[in-house]
Amino acid sequence: ARGVAAHHAGLLPQYKALVEDLFKRGLVKCCFATETLAAGVNLPARTTVVSALRKRGDNGVEPLTTAALLQMAGRAGRRGLDEAGTVVLMRGRRDGAGDADLARRILLNDVAPIESHFQPSYGMACSLLRRHAGSLERCRRLVERSFGSYKASKKVSGVIYAGVATSDLEKYAGAAARAGAAADAFSALVEENAPPAVLERERSALREAQREVLKSPVSKLPPEDQAAALGALQAARDGRARGDGPAPESPDWREYVKIVGVLKRFGALDDEHRVTELGGLVAAVKGDNELLLALALLDEATLAVAERGSAGEFAALCSAFVSEVGSRPGVFVDYGPSPSVAAAVGAGAGINMI
């Protein structure tokens, strides 16, 4: 009713979607959010307030990265509504004396390269194969659309000719094409008797393009070697286009294929890569190792507790599956599990994934 809401990863998806919809409609005037709101949802605001320049991460409390701060600050200013956006960086309540210098360092640092965090898992493999009826080819097309696969396809594949790397040849070919286009444009303007100011502008563009060509290590090769290297590059491009060249291998797909092999070994997939009953459970559960969880849940000792144990015993068994070991050091329970629960936990711990 007052137009104030919260948005973070711990909320139910339906509630987060509701907050986002109300924010877009202008019914939420103030939204307290984590940086996830800025990273993945198009919700610009008139003003963005960053309440702290440090956050708790895997290695304790650390300063915000340059990319994270710029991403949050970039939400300020609504296209078509605001001439400018306002960003407020607040000083921390504790140890905030140096926050002005910290903010300056963060903003002036170079943005770290974007890395892919896509990681194929047992659950994802079963979900994709169930959705695509066991078609590995369709799964491959989806997996290889990841950012990690894209970066792998752009990596240098080796030396093509005369010790020149593929990346240098690619850059040289692009620079040479731009220089050629600039030369053609300048020649056409000369023939048309273009005004001196226009000719001077195009002459400057041509010189800049030529300087870019001369900076390449390819330009140091003899003319005949340059032609041979560019010919080899074009041949490699043509081969990849026909599908008969050495296409870059996706590391994500290699990992996916290994996971499929393990799933088949444990019976989560049949010989046609169709998802079995076990595979359906693997696709349904969420965790660090969905296959191990599914095997433990279907173990006879686990089912015995679920069918014949008390509510307390079943809750104790469930806690063994959902608790994060080591997340809260020093916490202990003053009494042990019942024999049936201990047997079920022991059976799950004894599953050999090797």
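Structure: above.
Asks: Let's hear about the overall build of the protein chain: which residues, and what values?
Replies: Assigned secondary structure in the protein chain consists of 16 helices and eight strands. Relative to its full complement of 354 residues, the protein chain shows a buried share of 27%. Of the contacts made within the protein chain by residues no fewer than 6 positions apart, 64% connect residues no fewer than 24 positions apart.

Asks: Run through helix 9 (residues 196–214), naming residues and quoting values.
Replies: Compared with an ideal rise of 1.5 Å per residue, which puts 19 residues at 27 Å, helix 9 spans 27 Å between its outermost C-alpha atoms and is within 8% of the ideal. Leu199, Leu206, Ala209 and Val213 are the residues of helix 9 that are buried. Along the axis of helix 9, the buried positions cluster into a sector of 90 degrees, meaning they face one direction only. Opposite the packed face of helix 9, turned more than 90 degrees from it, sit the exposed residues Pro196, Ala197 and Arg201. The elements touched by buried residues of helix 9 are helix 8 (166–191).

Asks: Tell me about the nonpolar core, and please be specific about residues and values.
Replies: Tyr256, Leu263, Leu278, Val282 and Leu291 are the most contacted members of the largest nonpolar core, which totals 21 residues. Listed by contribution, the elements that provide at least two residues to this core are helix 5 (122–131), helix 6 (136–143), helix 11 (251–265), helix 12 (277–284) and helix 13 (290–297). At six residues, helix 5 tops the list of elements feeding residues into this core. When neighbours within four sequence positions are excluded, Val282 is seen to be in contact with Tyr122, Gly123, Cys126, Leu263, Glu290, Leu291 and Ala294. One finds Leu169, Ala182, Val213 and Leu221 within the second-largest nonpolar core, a separate group that totals 16 residues.

Asks: Now, about the pattern of salt bridges: what can you tell me, with residues and values included?
Replies: According to the stated counting rule, one finds ten salt bridges in the structure shown. Arg104 serves as the salt-bridge partner of Asp101, at 2.7 Å between the closest nitrogen and oxygen. Placement of both Asp101 and Arg104 in helix 4 (residues 99–108) is noted, with a separation of three residues, approximately one turn of the helix. For Asp101, a relative accessible area of 43% gives the class partly exposed. A residue is classified by how much of its surface remains accessible, and Arg104, at 47% relative accessible area, is partly exposed. Between Glu212 and Arg178 there is a salt bridge, with the nearest N and O atoms lying 2.6 Å from each other. Of this pair, Glu212 sits in helix 9 while Arg178 sits in helix 8, and the two are 34 residues apart along the sequence.

Cut-off values and rules
Residues numbered from 1 in each chain as written. Predicted model: local features only at pLDDT ≥ 70, side-chain atom pairs only at ≥ 80, totals over all residues. Heavy atoms only, no water. Helix = DSSP H or I, 4+ residues; strand = E, 2+ residues; numbered from the N terminus. Buried < 20%, exposed > 50% of the residue type's maximum accessible area, 1.4 Å probe, protein only. Contact = heavy atoms within 4.5 Å. Expected span 1.5 Å × (residues − 1). Arc of directions from axis to C-beta. Core = buried A, V, L, I, M, F, W, Y, C linked by side-chain atoms within 4.5 Å. Salt bridge = Lys/Arg side-chain N within 4 Å of Asp/Glu carboxyl O.

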